[in-house]
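Take a look at the letters that make up each chain.
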2 protein chains.
Amino acid sequence: MAYINLPEGLPGIRGPMAFRPDTAKHLNDLAEVLLRADNTLTRGERELIATYVSYLNDCFFCQNAHGALAQHYLECNMKFIDTVKENTNDALISPKMKALLSIAESVQKGGKQVTPLQIETAKLLGATDMEIHDTVLIAAAFCMFNRYVDGLGTWAPKEREFYINRAKSRAEEGYANYNPYH
Amino acid sequence: MAYINLPEGLPGIRGPMAFRPDTAKHLNDLAEVLLRADNTLTRGERELIATYVSYLNDCFFCQNAHGALAQHYLECNMKFIDTVKENTNDALISPKMKALLSIAESVQKGGKQVTPLQIETAKLLGATDMEIHDTVLIAAAFCMFNRYVDGLGTWAPKEREFYINRAKSRAEEGYANYNPYH
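Bear in mind that the values here come from a model prediction, so they are computed numbers and not experimental data.

Caption draft 1: Seen up close, the overall build of chain A. Broken down by element type, chain A carries nine helices and zero strands. N-terminal to C-terminal, the α/β element order of chain A is α-α-α-α-α-α-α-α-α. For 182 residues, the compact-globule formula gives about 16 Å, and the C-alpha radius of gyration of chain A, at 16 Å, lands near that figure. Dimensions of chain A, computed from C-alpha atoms along their principal axes, come out at roughly 50 × 30 × 30 Å.

Caption draft 2: Expanded view of the packing of aromatic side chains. Residues and elements named next belong to chain A. All chains considered together, the criterion is met by eight aromatic pairs over all chains. Between Phe162 and Tyr163, the aromatic rings sit 5.1 Å apart at their centres with planes inclined by 85°, giving edge-to-face as the arrangement. For Phe162, a relative accessible area of 28% gives the class partly exposed. For Tyr163, a relative accessible area of 4% translates into the label buried.

Caption draft 3: Quick peek at the relation of the copies chain B and chain A. Mapping chain B onto chain A is achieved by rotating through 180° and translating by 0.0 Å along the same axis, at an RMSD of 0.0 Å. What the rotation and shift describe, once combined, is the action of a two-fold rotation axis. Both copies share a contact surface, since 100% of the interface residues of chain B are interface residues in chain A too.

Caption draft 4: Examining the packing of helix 3 (residues 43-56) of chain A against helix 4 (residues 60-74) of chain A more closely. Residue and element names in this part refer to chain A. Here helix 3 crosses helix 4 at 155°, and the two axes come no closer than 8 Å. One finds that helix 3 runs roughly antiparallel with respect to helix 4. Both helix 3 and helix 4 take part in a crossing whose hand is left-handed. Across the interface between the two elements, Arg43, Gly44, Glu45, Glu47, Leu48, Ala50, Thr51, Ser54 and Tyr55 of helix 3 pack against Cys62, Gln63, His66, Gly67, Leu69, Ala70, Tyr73 and Leu74 of helix 4. Grouping the constituent residues of the contact of helix 3 with helix 4 by class yields eight nonpolar, six polar and three charged.

Caption draft 5: View of the side chain of Arg170 of chain A. All names here are of chain A. Mapped onto the fold, Arg170 is located in helix 9 (residues 160-173). Residue class for Arg170 comes out buried when judged on its relative accessible area of 13%. The contact partners of Arg170, leaving out residues within four places of it in the chain, are Leu69, Tyr175 and Tyr178.

Caption draft 6: Structural view of the interface of chain B and chain A. Of the residues lining the interface, 43 residues belong to chain B; the matching set on chain A comes to 43 residues. In total, chain B and chain A occlude about 3,800 Å² of area from one another, counting both sides; carbon and sulfur atoms represent 69% of this. By the criterion of area lost to chain A, the three top residues of chain B are Tyr3, His133 and Arg147 of chain B, representing 19% of everything that side buries. Linking chain B to chain A there are four salt bridges. Asp58 of chain A is paired through a salt bridge with Lys112 of chain B; the nearest N and O atoms lie 3.2 Å apart. Counting only elements with at least two residues in the side of chain B that touches chain A, the list comes to helix 1 (14-19), helix 2 (21-36), helix 6 (95-109), helix 7 (116-124) and helix 8 (129-151) of chain B. Broken down by element, the side of chain B that touches chain A gets its largest block of residues, 15 residues, from helix 8 of chain B. Grouping the amino acids of the side of chain B that touches chain A by side-chain chemistry returns 22 nonpolar, ten polar and eleven charged.

Criteria and cut-off values
Residue numbers here run from 1 along each chain, matching the order of that chain's written sequence. As they are written, the chains are lettered A onward and the ligands numbered 1 onward, keeping that order. Thresholds applied to this predicted model are a pLDDT of at least 70 for local features of residues and 80 or more for the giving and counting of side-chain atom pairs; totals over whole chains, interfaces and linings are not thresholded and use all residues. Each side-chain value is worked out from all heavy atoms of the structure, with water and hydrogens disregarded. Strands are runs of DSSP state E lasting at least 2 residues, helices are runs of H or I lasting at least 4, and numbering of each runs from the N terminus. For this measure, only C-alpha atoms enter the radius of gyration; the expected value for a globule follows 2.2 Å times N^0.38, where N is the number of residues. Aromatic rings from Phe, Tyr and Trp, taking only the six-membered ring of Trp, are treated as a pair when their centres fall within 6.5 Å; an angle between ring planes under 30 degrees marks them as stacked, one over 60 as edge-to-face, and anything in between as tilted. A 1.4 Å probe rolled over the protein chains alone gives each residue an accessible area, and that area as a share of the maximum for its type sets the label: buried under 20%, exposed over 50%, partly exposed in between. The copies were overlaid by least squares, fitting only the C-alpha atoms of residues that reach a pLDDT of 70 or more in each copy. Residues count as neighbours in contact if any of their non-hydrogen atoms are within 4.5 Å of one another. Angles run from 0 to 180 degrees between N-to-C directions of axes, and those axes are lines fitted to C-alpha atoms, restricted for helices to the stretch in contact. An angle below 35 degrees is treated as roughly parallel, one above 145 as roughly antiparallel, one from 65 to 115 as roughly perpendicular, and anything else as oblique. Crossings are classed by handedness, with left-handed meaning an anticlockwise turn of the near helix from the far one by less than a right angle and right-handed meaning a clockwise turn. For this classification, Asp, Glu, Lys and Arg are treated as charged, while Ala, Val, Leu, Ile, Met, Phe, Trp, Tyr, Cys and Pro are nonpolar and the rest, including Gly, are polar. Put simply, buried area is how much 1.4 Å-probe accessible surface two parts lose in total, over both of them, once they are put together. In what follows, salt bridge is the name for a side-chain nitrogen of Lys or Arg lying within 4 Å of a carboxyl oxygen of Asp or Glu.

Now the structure itself:
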């Protein structure tokens, strides 16, 4: 049972989004620009940043929903996603992505935890100003989404298959005009 | 110097907002609904929640910009705002507001830090489901805004007067269609 009287049967963020469509609209529009619109970071890479931050914030719903989307876009298995979350340095991702995930990890702890050396390293490895900006804002946004989902005491399906089975249609549907009842 | 090449002369969140208008639009639309649109919580009360969370996140720009707005709406002095930030229990605010600020404080630490007892207390003191929802989302949103501002290494004017002098016009202007160059 969530802490407030949310529409029934909707897991994770879908309950609060159905409860308050006026805020859901802008949350979804933000997610669309950050995670799905044209970008030099692929959709898979951006969902991976979202997944990693949600894991660090221990948000079960978000790390599984976005982890399944990352897996769909990157055409990998969930073991790869787990390695990125739990042993980032061992993951088969580019040095630039490791540098961006390191920045995201610092943002998760607090804005002031990001260091000039982390930024310099990311730039040396090819990250553009826009990619650094978007990494910081994706990480910051998931510090919001994760707190929204858990701060209202929402429930989430335990089985990974639930999230994996929805990933393809969620990827096609996108975030803008998202209907939480679907 | 910010970590990336932001438009010059714009303090705090205004630099990143001018750098990336596509995300700024949705951030501002979200702020408009949460902090300024019709609500049973006054604009002053909602800016107070934003200020308190920004203080807990040690974000100098946000706690001063929103503290000045709270002071403007509540027609109080900055000493009152400082008491709410530093000694919340001693502040002359309603028991319901204290309960909502306590929920916001937990959200700042992490979504799972909110307890059923905090929610029950807020409800006993008259908080509605919508007020609890909005408190959680305002607190979560400022965990994003604060990280966005500090994670990109932006600068901020040191003098309180800067923020106080801008509060009246900022209150009138609102967040929707906000121009970061003004």
